[in-house]
There are 2 protein chains.
Amino acid sequence: MKEPIGIKQIAKLAEVSIGTVDRVLHNRGGVSKITEQKILDVIRKTGYRKNTVASRLRLGTHKKVRIACLVPEAASHWKYWQFPKRGMDRAAAELHDHGIELSYFYFSEPSAFLERSKVILDKGFEGIVTVPFFTAESNALLRGAQVNQVPVVFLDTEVSLDFPGWFICQHAHRAGEVAGRLLQGLVGLGGIYLVLNIINAKGLHENNRQRESGFRKFLNTHDKKEIAEVVTINYPLDQPLETMPGMERLLLDKRRKGVFVTNSRAYMLPPVFRHYGVTGIPVVGFDLNEENLECLRREEISFLINQKPEYQGYHAVRGLFKFLTEKDASGLHVDIPVEIVVRENLHLV
Amino acid sequence: MKEPIGIKQIAKLAEVSIGTVDRVLHNRGGVSKITEQKILDVIRKTGYRKNTVASRLRLGTHKKVRIACLVPEAASHWKYWQFPKRGMDRAAAELHDHGIELSYFYFSEPSAFLERSKVILDKGFEGIVTVPFFTAESNALLRGAQVNQVPVVFLDTEVSLDFPGWFICQHAHRAGEVAGRLLQGLVGLGGIYLVLNIINAKGLHENNRQRESGFRKFLNTHDKKEIAEVVTINYPLDQPLETMPGMERLLLDKRRKGVFVTNSRAYMLPPVFRHYGVTGIPVVGFDLNEENLECLRREEISFLINQKPEYQGYHAVRGLFKFLTEKDASGLHVDIPVEIVVRENLHLV
DNA sequence: CTGAAAGCGCTTACAG
DNA sequence: CTGAAAGCGCTTACAG
């Protein structure tokens, strides 16, 4: 209801021109201490807030906010990366008239990540969205970005790095606890729970490690009598799952309760079950890829946890834009919900 | 990458002034057929899209988009209505510089709803957000709104009305199916499932009816042998739940499996269980009110389904604004996800 | 039926 | 150190 205070009214109240007000607002210097103080007083008293629409009209048409997205090659990783990309594109479309320009860079190897990082920094992008798959290279990126105060947002995984960066991802430990809750709800306590991790040359992915840890924590907390046993199988992608050491013994053990797959490949389980002729073993996994969804529809998987990759990409771009144009980092503090998906809410998530 | 086409370039290409272009763009009339056609051709060929930022700067400061929110008195309905209100306020804050003005109107009785509706229509609001609690009165509102083509968005419940309106709410039947999935997962098929509905002078709330129907459908579909039995208790709010006819018999029956509460009062169950000295009965309910959350934390409720009321309010206002300013109704087609909440993802939803 | 001009609030290049 | 002016793209009131 209060009168809209603009830069013009500030200028009048402080008895200066709007140019001088702007100099103070943007710390452009060249203003005497006394005038500056007078203007700052008026700004404080009136509670002036810049009109972002006018600001973006003026600025956005001249020089766009340029954001670089350094993402895994779209085809890899089960097309998972199309989702964040879609979210980023959607955000950019919404902000088109505000003056935004998204550029994509792709990598698969660490060396490409490093090389593209350099290009991005050289080209003077104002913000970067990427993924912390390679720790050393992510640190190198952050080190370079720090020089020009370029904000970097990491999606998907939270890892510990040497310089400050933003993370928009799901709390993996919590997601593991949720998985524990869901499985335990289905089968009760006691018996043997199987955790399936993918392992590669670099060892366990941080998300998988955290998820397993959360899962174990849930069972330990809820199982006062220590009658539940959690067994982990770390399997490399290039080996057939059904012949992994321990698999046969576990599946045929009468005490086996359910399986928690810490990655996106829960759909690999049902064929293994069929191979050993076992039925009725609940599976909880991650991600809404087509293979998993098909299993969910056929009721071969009980629950999937969604990391909302599109949502992650969308908020990364919107959050960065807000930060860059309004110095407001609130849009970069988003907790990705641990969204539980069953067959019946599949089309509504 | 393509050159930004503005009204100025359209004018130049069509060899007219920008005023004439604007007349065509807004169907303001007073343009010869031949000029109009020439301009339309250029617009089509260039793929011109109006710059919404410039448009809002010009328009928003002169006349704001005025939206009326006709909502239940905030204190009633377990403070549930604070959430959509919060979402609407958040949307309005984000759109402040674009020129939006939200006005709240409150009702509790149908008569007040009707009276406020008239006021809203008289005052010439451009869009309305409300709730279809009273069918006849909602129809009256829609009838009045239709005259001036004022769009009306209903939250919370989808009902059948006599005139077209928008609905932003959860698919209640699906939510019931999800509840069926969750309960059946916990206790398996067979035995007696209890459905608890609140009933008042107007009978069953549409959402509750749909949720029960979805729940029953799930059990019927999955229970080929018809060994599961669903029993409904419709209870009026002014009577003690534990003495409702059938309650004692059901709870003490060995075959009883779990309880589905179709409204926000799942928290009333645990005391009833204690009253009869029964334990370990799973409960699935709706809404994240403090009482329910406390039960979830104490593991007296297994699952809560969130209708995301804040999200509903937020999207109603954003969707209406987009529709009113860009003739784009896409923001009014939102399916509210059936969000499943357990103790472990509570703080992240 | 059409055009020229003013202005939304902010930003900056230029003149002094 | 400060002000006056131009302009972002769109919209409208006014003049012809």
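Residues numbered from 1 in each chain as written. Chains lettered and ligands numbered in written order. Predicted model: local features only at pLDDT ≥ 70, side-chain atom pairs only at ≥ 80, totals over all residues. Heavy atoms only, no water.

Peer 1: Which residues make up the overall build of chain A, and what values do they have?
Peer 2: Tallying secondary structure elements over chain A gives 14 helices and 12 strands in all. Its C-alpha radius of gyration of 26 Å places chain A more than 25% over the 20 Å reference for a compact globule of 349 residues. Taken along the three principal axes of its C-alpha coordinates, chain A extends 85 × 45 × 35 Å. Residue burial in chain A is summarised as follows: out of 349 residues, 52% are buried. With the model as given, the accessible surface of chain A reaches about 16600 Å², and the carbon-plus-sulfur share is 52%. A gap of 6 Å separates the mean positions of the 47 positive and 40 negative side-chain charges of chain A. (Helix = DSSP H or I, 4+ residues; strand = E, 2+ residues; numbered from the N terminus. Rg over C-alpha atoms; globule rule 2.2 N^0.38 Å. Buried < 20%, exposed > 50% of the residue type's maximum accessible area, 1.4 Å probe, protein only. Areas by Shrake-Rupley, 256 points an atom, 1.4 Å probe, with all protein chains shown as cover. Lys, Arg positive; Asp, Glu negative; His and termini not counted. Charge placed at Lys NZ, Arg CZ, Asp CG, Glu CD.)

Peer 1: Provide a residue-level description of the protein's contact with DNA strand D, including the pertinent values.
Peer 2: Contacts to DNA strand D come from 28 residues, most closely from A:Arg23, A:Thr35, B:Ile7, B:Arg28 and B:Tyr48. A share of 65% is what sugar and phosphate atoms reach among the atoms of DNA strand D within 4 Å of the protein. At 2.9 Å from a phosphate oxygen of DNA strand D is found a side-chain nitrogen or oxygen belonging to A:Thr20. Backbone polar atom of B:Ala54 to a base nitrogen of DNA strand D: 3.3 Å apart, as the coordinates give it. (Near = heavy atom within 4 Å. Polar contact = N/O pair within 3.5 Å; in protein donor to acceptor, adjacent residues only side chain to side chain.)

Peer 1: Please set out the protein's contact with DNA strand C residue by residue, giving values where relevant.
Peer 2: Every one of the 27 residues lining DNA strand C counts as a neighbour, but A:Ile7, A:Arg28, A:Tyr48, B:Arg23 and B:Thr35 are closest to it. Here the atoms of DNA strand C within 4 Å of the protein split so that 65% fall in sugar or phosphate, with bases taking the remainder. Within the backbone of B:Ser17, one N or O atom sits 2.9 Å away from a phosphate oxygen of DNA strand C. For DNA strand C, a phosphate oxygen lies 2.6 Å from a polar atom in the side chain of B:Thr35. For the surface near DNA strand C, the secondary-structure elements that each account for two or more residues are helix H1 (7-14), helix H2 (18-25) and helix H4 (52-60) of chain A together with helix H2 (18-25) and helix H4 (52-60) of chain B. In the surface near DNA strand C, the residues fall into eight nonpolar, 11 polar and eight charged. (Nonpolar A, V, L, I, M, F, W, Y, C, P; charged D, E, K, R; others polar.)

Peer 1: Provide a residue-level description of the relation of the copies chain A and chain B, including the pertinent values.
Peer 2: What relates the pair of chain copies is a rotation about an axis plus a shift along that axis. Once chain A has been moved 0.0 Å along the axis and rotated by 180°, it coincides with chain B to within an RMSD of 0.1 Å. Here the two chains are linked by the operation of a two-fold rotation axis. Within chain A, A:Leu186 has its C-alpha nearest the rotation axis, a separation of 2.4 Å. Comparing interface residues between copies, 100% of those in chain A also lie at the interface in chain B; the contact surface is shared. (Least-squares fit on C-alpha atoms with pLDDT ≥ 70 in both. Contact = heavy atoms within 4.5 Å.)

Peer 1: Describe the side chain of A:Thr157, with residues and values.
Peer 2: Residues and elements named next belong to chain A. The residue Thr-157 is located in the loop between strand S4 (152-155) and strand S5 (166-168) in this model. At a separation of 3.3 Å, a polar atom in the side chain of Thr-157 contacts the side chain of Asn-207. Leaving out residues up to four positions away in the same chain, Thr-157 has contacts with Pro-132, Phe-167, Cys-169, His-205, Glu-206 and Asn-207.

Peer 1: Tell me what's going on with the interface of chain A and chain B, and back it up with residues and numbers.
Peer 2: Counting from both sides, the interface comprises 36 residues of chain A and, opposite them, 36 residues of chain B. With both sides pooled, the region where chain A packs onto chain B buries about 3200 Å², and carbon together with sulfur makes up 60% of that total. Applying the counting criterion to the chain A and chain B interface returns four salt bridges. With a closest N to O distance of 2.8 Å, A:Glu344 and B:Arg181 form a salt bridge. Taken together, the connections running from chain A to chain B amount to nine residue pairs in polar contact (both at pLDDT 80 or more). Elements supplying a minimum of two residues to the side of chain A that touches chain B: H4, helix H6 (96-99), helix H9 (172-187) and helix H10 (206-222) of chain A. With seven residues, H9(A) is the largest single contributor of residues to the side of chain A that touches chain B. (Buried area = accessible area lost by both parts, 1.4 Å probe. Salt bridge = Lys/Arg side-chain N within 4 Å of Asp/Glu carboxyl O.)

Peer 1: Talk me through helix H5 (residues 82-94) of chain B; I want residue IDs and the actual numbers.
Peer 2: All names here are of chain B. Taking 1.5 Å of rise per residue, the 13 residues of H5 would be expected to cover 18 Å, and the 18 Å separating its terminal C-alpha atoms lies within 8% of that figure. Taken together, the buried positions of H5 are Pro-84, Gly-87, Met-88, Ala-91 and Ala-92. Angular distribution of buried residues about the axis of H5 spans 135°; they occupy a single face of the element. Those residues of H5 that are buried are in contact with strand S1 (65-72), helix H6 (96-99), strand S2 (100-107), strand S3 (127-130), strand S4 (152-155) and helix H14 (309-326). (Expected span 1.5 Å × (residues − 1). Arc of directions from axis to C-beta.)

Peer 1: Quick rundown of the sheet that holds S4(B)? Include the residues and the values.
Peer 2: All names here are of chain B. With respect to topology, five strands assemble into an open sheet ordered S2-S1-S3-S4-S5, the strand pairing being parallel. Looking at which strands have only one partner, the edges of the open sheet turn out to be S2 and strand S5 (166-168). Neighbour-to-neighbour, the strand axes of this sheet turn through a mean angle of 20°, independent of strand direction. (Pairing = 2+ DSSP bridges. Axes fitted to C-alpha atoms, helices over the stretch in contact; angles between N-to-C directions.)

Peer 1: Lay out the side chain of B:Asn208 in plain terms, naming residues and giving numbers.
Peer 2: All names here are of chain B. Considering the arrangement of structural elements, one finds Asn-208 in helix H10 (residues 206-222). By relative accessible area, which is 7% here, Asn-208 ends up buried. Excluding anything up to four places from it in sequence, Asn-208 contacts Asn-197, Ile-198, Thr-262 and Asn-263.

Peer 1: Break down the sheet that holds strand S3 (residues 127-130) of chain A for me, with residues and values.
Peer 2: Residue and element names in this part refer to chain A. Strand order in the open sheet made by the five strands is S2-S1-S3-S4-S5, with parallel pairing throughout. Of all strands in the sheet, those bounded by a partner on one side alone are strand S2 (100-107) and S5. Ignoring which end each strand starts from, the neighbouring axes of this sheet average 20° apart. Against the sheet, helix H5 (residues 82-94) engages strand S1 (65-72), S2, S3 and S4, with an angle of about 165° to S2.

Peer 1: So what's going on with the packing of aromatic side chains? Residues and values would help.
Peer 2: Applying the stated criterion across every chain yields a total of 28 aromatic pairs over all chains. Ring centres of B:Phe154 and B:Phe167 lie 5.2 Å apart, and the angle between their planes is 25°; this geometry places the pair in the stacked category. Remark: B:Phe167 occurs in strand S5 and B:Phe154 occurs in strand S4; sequence separation between them is 13 residues. Given the relative accessible area of 19%, B:Phe167 is considered buried. Three or more aromatic residues joined by ring pairs make a cluster, and in this case those are A:Tyr80, A:Trp81, A:Phe107, A:Phe113, A:Phe133 and A:Phe134. Seen from the ring of B:Tyr314, B:Arg90 lies directly overhead, with NZ or CZ sitting 4.1 Å from the centre. (Phe/Tyr/Trp six-rings, centres within 6.5 Å; stacked < 30°, edge-to-face > 60°. Lys NZ or Arg CZ within 6 Å of the ring centre and 35° of its normal.)

Peer 1: Break down the domain arrangement of chain A for me, with residues and values.
Peer 2: Buried accessible area, meaning the area lost when the parts come together, often serves as the stated size of an interface. Split into domains, chain A comes out as domain 1 (7-50), domain 2 (60-170 + 309-336) and domain 3 (172-306). A separation of 34 Å is found between the C-alpha centroids of domain 1 of chain A and domain 2 of chain A. (Domains from an automatic or database assignment.)

Peer 1: So what's going on with the pattern of salt bridges? Which residues, and what values?
Peer 2: Per the stated rule, a full pass over the model turns up 49 salt bridges over all chains. One salt-bridge network, in which partners are shared between bridges, spans A:Arg274, A:Glu290, A:Glu294, A:Arg297, A:Arg298 and A:Glu300.

Peer 1: I'd like a description of unusual backbone geometry, backed by residues and values.
Peer 2: For residues besides glycine, phi is generally negative; the peptide bonds are generally trans as well. Of note, A:Asp287 is a non-glycine position whose phi angle comes to about 80°, a positive value. Positionally, A:Asp287 belongs in the loop between strand S10 (283-286) and helix H13 (290-297). The exposure class assigned to A:Asp287 is buried, which follows from its relative accessible area of 5%. Despite not being glycine, B:Asn27 has its phi angle at roughly 50°, a positive value.

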